[in-house]
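The residues making up each chain are set out below.
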Protein chains: 2
Amino acid sequence: MPPASNSTHWTLAQRAAKMNPSVIREILKVTERPGIISFAGGLPSAKTFPVAEFEAACAKVLKDDPAGALQYAASEGYAPLREMVAQQLRDQSAAAGQRWDVDASQVLITTGSQQGLDLVAKVLIDAGSKVLVESPTYLGAVMAFTPMEPEVVGVAGLADGLDLADLAAKSAQARFLYVLPNFQNPTGRSMGEASRAALSQEAARTGLPIMEDNPYGDLWFDRPPPAPLTARNPEGGIYLGSFSKVLAPGLRMGFIVAPKAVYPKLLQAKQAADLHSPGFNQRLIHAVMQDGFLDRHVPTIRSLYKAQRDAMLQALATHFPEAASQPEHNLTWNTPAGGMFLWARLPQGMNAVDLLPHAVDQGVAFVPGAPFFAGPPDTRSLRLSFVTPSVDEIHLGVAALALAIRARQV
Amino acid sequence: MPPASNSTHWTLAQRAAKMNPSVIREILKVTERPGIISFAGGLPSAKTFPVAEFEAACAKVLKDDPAGALQYAASEGYAPLREMVAQQLRDQSAAAGQRWDVDASQVLITTGSQQGLDLVAKVLIDAGSKVLVESPTYLGAVMAFTPMEPEVVGVAGLADGLDLADLAAKSAQARFLYVLPNFQNPTGRSMGEASRAALSQEAARTGLPIMEDNPYGDLWFDRPPPAPLTARNPEGGIYLGSFSKVLAPGLRMGFIVAPKAVYPKLLQAKQAADLHSPGFNQRLIHAVMQDGFLDRHVPTIRSLYKAQRDAMLQALATHFPEAASQPEHNLTWNTPAGGMFLWARLPQGMNAVDLLPHAVDQGVAFVPGAPFFAGPPDTRSLRLSFVTPSVDEIHLGVAALALAIRARQV
């Protein structure tokens, strides 16, 4: 008989000690109560999922080439989907006034864009490497980088770009700069054209590679965002995209566009990580996207999310009418031009982590902003998602949030 | 304008230098010629894919809970599928005479079992850590471990188990031993009951964790294999399973069963790697597997592959009738009791890498065995897959192989 189980010597890798449950996930456990209106989630609205189109695509793919869809496949991804991604990026960039000659051979299909972050981390980060991120930034990226044990350094984010002086002070020896230029998670901020041009110049000047993550770029409300950073210097950046916000996250489909300097190593990392992304799912995405489906579908998502953002802005203005004149005694917020999130700030002396349980008692949840910062956090900040709840729920939720804030102010 | 693109300083991680294209993939490029009969591939026969059942499952899943199937989901996996996996392992182990109390909470759904290897590597391997593998072993595992920069040490494999003296000599400080006890890739070998009991004892004695990879275990021909190693000491091992060989690889669905000592860290690695495996695919697998489908379906795969193995054995015996009496002057081979691969050995003085182009000229391809060895390779060894070609093709292919060998012997 084997001896008792605890005799096995499990020695965990050093990196495992640094890998911890998402702080936000832990925080959100208090919000998992029935009846809570949640501004906390980062989930696309399920109303936007093109279910009928997926049904038709399943039938078509399994009829046209079942063996191809269900067999092992190339690590690079399904060739027609790679070509479709390249074409879309060429078109979007041209429409934004920037020629970007994306070739399908530069496209690597990934298991969600989260996997793109994992692969880039493996290929570009040694233990102790400096990696620059906007502060605040997407926590999932930091979680993907952490197993490779980098030193993550925050660069101050501004309302429409990065603080380039701060960047210049920190960029020596950095392996790359990770940015979300469009409707960023968590802040909803976007980089304007001038900011992009200046950042691109600065990165080119110092030779700093840019990792550009763009899951939300298609979700603009009034006008498309300026051309991607990568389009301005394709050999100097890696671009990550996703189908999660324009079709559905449950298929886990994303992609990387990478220059020749790194593509072969990303491909080898991909092969080692999961051989290839599901060929069935790749063909579903390709089948759904044929005949310009996104041109008809994405506008419906934009108008839904815009209406919900407007409802949130209206509710906030109703409950905090003196936000502009007395910002230190009110909740203040920004006006995102797309995406899923709005960034707000509590009155002076308040802390978003402390407020959360009281807000939940009032029936509303949000995500405190502090965990998103690399470096000194703004403990008054919070992230409000406007895409999951309905317009009515948004009004009720903001009213509940206002009650919780006012009660703590007294 | 940004300066020329080559001014960007791409500094690759040290591990990237160790990540190289699969040697086998490079070797197989010579075989990519129309009309070649391939014993080289590791692909399940597409005839075995239950296409009609997947069609029905797609319709059912998208009708019953489209929002659930297409939305972001828990990193652990779809709860009913995790329960189904646990139940199946409990049943199979009990049928093999070994109680194994697998609980669904120990099951982590992965994007193919290849991802299981990646996650285990992240959690258990530091740069320089010693990792033990059978020699020869599955190359994809070594590729998954490589980015974490281990020292991979081969333990000699025997016809029905591991060389335990060699294991004892090498196991000090090893992070784990990686084994495929059933119908191993590349050799088709299996560990017998006595070998498993002895290995389990030895691992428990020294506290060596076992990583047990079991993609082929359901593909037995005459009788089910003995109980898994992990069932004998559940706290001392990690078990990796796959749906690729019993349903279809193109959905990329596998799983890990892990003890509490490592499950939480594997889960965090999973979350960072791709958030979760596609929820749609998990529900498809679950829907197809309901009502005991595998009990009806897998026997059809077994009898197909058994007939093809028999055809290969028969063809080999026809073309090398003196293999038993004069092994040094003939091709020799084993008789796998399941799975997809047969392991063969060339006559004295021949080298499988050198032979391959000549075999391809004769119209047949195989995989040389040398790249599968960690440590000194047997350069005469080769792997023959009997699952992709038809029975007729198997006879033709073996005849072509015999011609190539005889021509080189003169």
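1. Examining the overall build of chain A
So, point 1. Each helix and strand counted, chain A has 15 helices and 14 strands in total.
So, point 2. Overall, chain A is about 65 × 60 × 55 Å in size when its C-alpha atoms are taken along their principal axes.
So, point 3. Out of the 410 residues belonging to chain A, those deemed buried represent 56%.
So, point 4. For chain A, restricting intrachain contacts to residue pairs at least 6 apart in sequence, the fraction spanning at least 24 positions comes to 75%.

2. Quick look at the domain arrangement of chain A
Residues and elements named next belong to chain A.
So, point 1. Looking at chain A, the domain boundaries give domain 1 (5–49 + 297–409) and domain 2 (51–294).
So, point 2. Each of domain 1 and domain 2 was reduced to a C-alpha centroid, and the two centroids are 25 Å apart.
So, point 3. The interface of domain 1 with domain 2 comprises 31 residues on the first partner and 35 residues on the second.
So, point 4. Considering each element in turn, the side of domain 1 that touches domain 2 owes the most residues, seven residues, to helix α13 (residues 293–319).

3. Here we look at the sheet that holds strand β13 (residues 367–368) of chain A
Two strands in a sheet stick together by hydrogen bonds in their backbones, pointing the same way (parallel) or opposite ways (antiparallel).
Residue and element names in this part refer to chain A.
So, point 1. Taken in spatial order, the four strands make up an open sheet running β10-β11-β14-β13, and their pairing is antiparallel. Lying at the two open borders of the sheet, with one neighbouring strand each, are β10 (332–333) and β13.
So, point 2. Where strand β11 (residues 341–345) lies against strand β14 (residues 381–385), five bridges are found, and the strand directions are antiparallel. Counted as the bridge partner of W343 is R383 from β14.

4. Concerning the sheet that holds strand β13 (residues 367–368) of chain B
So, point 1. One open sheet accounts for four strands, arranged β10-β11-β14-β13 (chain B); its pairing is antiparallel. Sheet topology places β10 (332–333) and β13 of chain B at the edges, where each strand pairs with a single neighbour.

5. Overview of unusual backbone geometry
So, point 1. Look at the link from S135 of chain A to P136 of chain A: it is a cis peptide, with omega at 5°.
So, point 2. Residue position: P136 of chain A is located in the loop between β3 (130–135) and α7 (139–145).
So, point 3. In this model, N185 of chain B is joined to P186 of chain B through a cis peptide bond whose omega is 20°.
So, point 4. Residue position: P186 of chain B is located in the loop between β6 (174–179) and α9 (193–206).

6. Concerning the interface of chain B and chain A
So, point 1. The interface of chain B with chain A comprises 79 residues on the first partner and 79 residues on the second.
So, point 2. Counting residues per element, the ones that place at least two in the side of chain B that touches chain A are α1 (14–18), α3 (51–64), α4 (66–70), α6 (112–124), α7 (139–145), α9, α11 (263–274) and α12 (279–289) of chain B.
So, point 3. Of the residues belonging to the side of chain B that touches chain A, the class tally is 42 nonpolar, 26 polar and eleven charged.

7. Considerations on the environment of K170 of chain B
Residue and element names in this part refer to chain B.
So, point 1. Turning to its location among the elements, K170 is positioned in helix α8 (residues 164–170).
So, point 2. Looking at K170, the number of C-beta atoms within 10 Å reads 17, which means it is partly exposed.
So, point 3. Taking the C-alpha atoms as reference, K170 lies 26 Å from Y263; in sequence the two are 93 residues apart.
So, point 4. Once residues lying within four places of it in the same chain are set aside, the contact partners of K170 are L132, V153 and V155.

8. Re the relation of the copies chain B and chain A
Both copies of the chain are related through a single rotation about an axis accompanied by a shift along the same axis.
So, point 1. Laying chain B over chain A is done by rotating through 180° and shifting 0.0 Å along the axis; what remains is an RMSD of 0.0 Å. The transformation relating the two chain copies, once decomposed into turn and shift, fits a two-fold axis. It is C58 of chain B whose C-alpha, among those of chain B, lies nearest the rotation axis, at 3.3 Å.

9. A word on helix α11 (residues 263–274) of chain A
So, point 1. Given a rise of 1.5 Å per residue, twelve residues ought to cover 16 Å, and the 17 Å separating the end C-alpha atoms of α11 of chain A matches this to within 8%.
So, point 2. Buried residues dominate α11 of chain A, accounting for ten of its twelve residues.
So, point 3. Residues K265, L266, L267, Q268, A269, K270, Q271, A272, A273 and D274 of chain A constitute the buried set of α11 of chain A.
So, point 4. Here the buried face of α11 of chain A lies against β2 (107–110), α6 (112–124) and β9 (254–257) of chain A together with α1, α6 and α7 of chain B.

10. Regarding the packing of helix α5 (residues 79–95) of chain B against α12 of chain B
All names here are of chain B.
So, point 1. At a minimum axis separation of 9 Å, α5 and α12 run at an interaxial angle of 50°. One element, α5, and the other, α12, form an angle in the oblique class. Between α5 and α12 lies a crossing whose hand is left-handed. Contacts between α5 and α12 pair P80, L81 and M84 from the former with Q282, I285, H286 and M289 from the latter.
So, point 2. Its residues assigned to classes, the contact of α5 with α12 shows five nonpolar, two polar and no charged.

11. Notes on the nonpolar core
So, point 1. In terms of nonpolar packing, the biggest core is built from 258 residues, with L177, L284 and A359 of chain A together with L177, L266, L284 and A359 of chain B touching the most fellow members.
So, point 2. The residues touching L284 of chain B, leaving out its near neighbours within four places in the chain, are F54, A57, C58, V61 and L251 of chain B.

12. Overview of the packing of helix α3 (residues 51–64) of chain A against α3 of chain B
The relative placement of two packed helices comes down to the angle between their axes together with the axis-to-axis distance.
So, point 1. The contact between α3 of chain A and α3 of chain B brings their axes to 10 Å, and the two run at 180°. One way to sum up the angle between α3 of chain A and α3 of chain B is to call them roughly antiparallel. Between α3 of chain A and α3 of chain B, the residues in contact are V51, F54, E55, C58, A59 and L62 of chain A and V51, F54, E55, C58, A59 and L62 of chain B, respectively.
So, point 2. Of the residues in the contact of α3 of chain A with α3 of chain B, the class split is ten nonpolar, no polar and two charged.

13. Focus: the pairing of strand β8 (residues 237–242) of chain B
Every regular strand shows the same layout, with side chains that alternate between the two sheet faces.
Residue and element names in this part refer to chain B.
So, point 1. Along β8, six of the six residues are buried, which leaves the element largely enclosed by surrounding structure.
So, point 2. What you see with β8 is no split at all: G237, Y239 and G241 on one side and I238, L240 and S242 on the other are buried throughout.
So, point 3. Here strand β7 (residues 210–213) runs beside β8; their pairing, made up of four bridges, is parallel. If you follow M211 over to β8, its bridge partner there is I238.
So, point 4. In this sheet, strand β9 (residues 254–257) lies alongside β8 in antiparallel orientation, the contact comprising four bridges. Looking at the pairing, G241 lines up with F255 of β9.

14. Some remarks on the confidence of the model for chain A
All names here are of chain A.
So, point 1. Residues of chain A with pLDDT of at least 70 account for 98%, and the chain-wide mean is 95.
So, point 2. Note that pLDDT drops below 50 for residues 1–6; the model gives that stretch eleven contacts with residues more than four away or on any other chain.
So, point 3. Among the scores for the predicted complex, ipTM is 0.95 and pTM is 0.96.

15. Brief notes about the environment of A315 of chain A
All names here are of chain A.
So, point 1. As for its placement among the helices and strands, A315 is situated in helix α13.
So, point 2. A count of 20 C-beta atoms within 10 Å places A315 in the buried class.
So, point 3. Separated by 137 residues in sequence, A315 and Y178 place their C-alpha atoms 33 Å apart.

16. Considerations on α13 of chain A
For the α-helix, the turn length of 3.6 residues means that residues three or four positions removed from each other point alike.
All names here are of chain A.
So, point 1. Relative to the 39 Å expected for 27 residues at 1.5 Å per residue, α13 spans 40 Å between its end C-alpha atoms, a close match to the ideal helical length.
So, point 2. Of all the positions in α13, only I301, Y305, Q308, R309, M312, A315 and L316 are classed as buried.
So, point 3. Buried-residue contacts for α13 involve β10, β11, β14 and α15 (391–409).

What counts, and at which threshold
- Residues numbered from 1 in each chain as written.
- Chains lettered and ligands numbered in written order.
- Predicted model: local features only at pLDDT ≥ 70, side-chain atom pairs only at ≥ 80, totals over all residues.
- Helix = DSSP H or I, 4+ residues; strand = E, 2+ residues; numbered from the N terminus.
- Buried ≥ 20, exposed ≤ 12 C-beta atoms within 10 Å, placed from the backbone.
- Contact = placed C-beta atoms within 7 Å.
- Domains from an automatic or database assignment.
- Pairing = 2+ DSSP bridges.
- Nonpolar A, V, L, I, M, F, W, Y, C, P; charged D, E, K, R; others polar.
- Least-squares fit on C-alpha atoms with pLDDT ≥ 70 in both.
- Expected span 1.5 Å × (residues − 1).
- Axes fitted to C-alpha atoms, helices over the stretch in contact; angles between N-to-C directions.
- Parallel < 35°, antiparallel > 145°, perpendicular 65-115°, else oblique.
- Left-handed = near helix turned anticlockwise from the far one by under 90°.
- Core = buried A, V, L, I, M, F, W, Y, C linked by C-beta atoms within 7 Å.
- pLDDT = per-residue confidence, 0-100.

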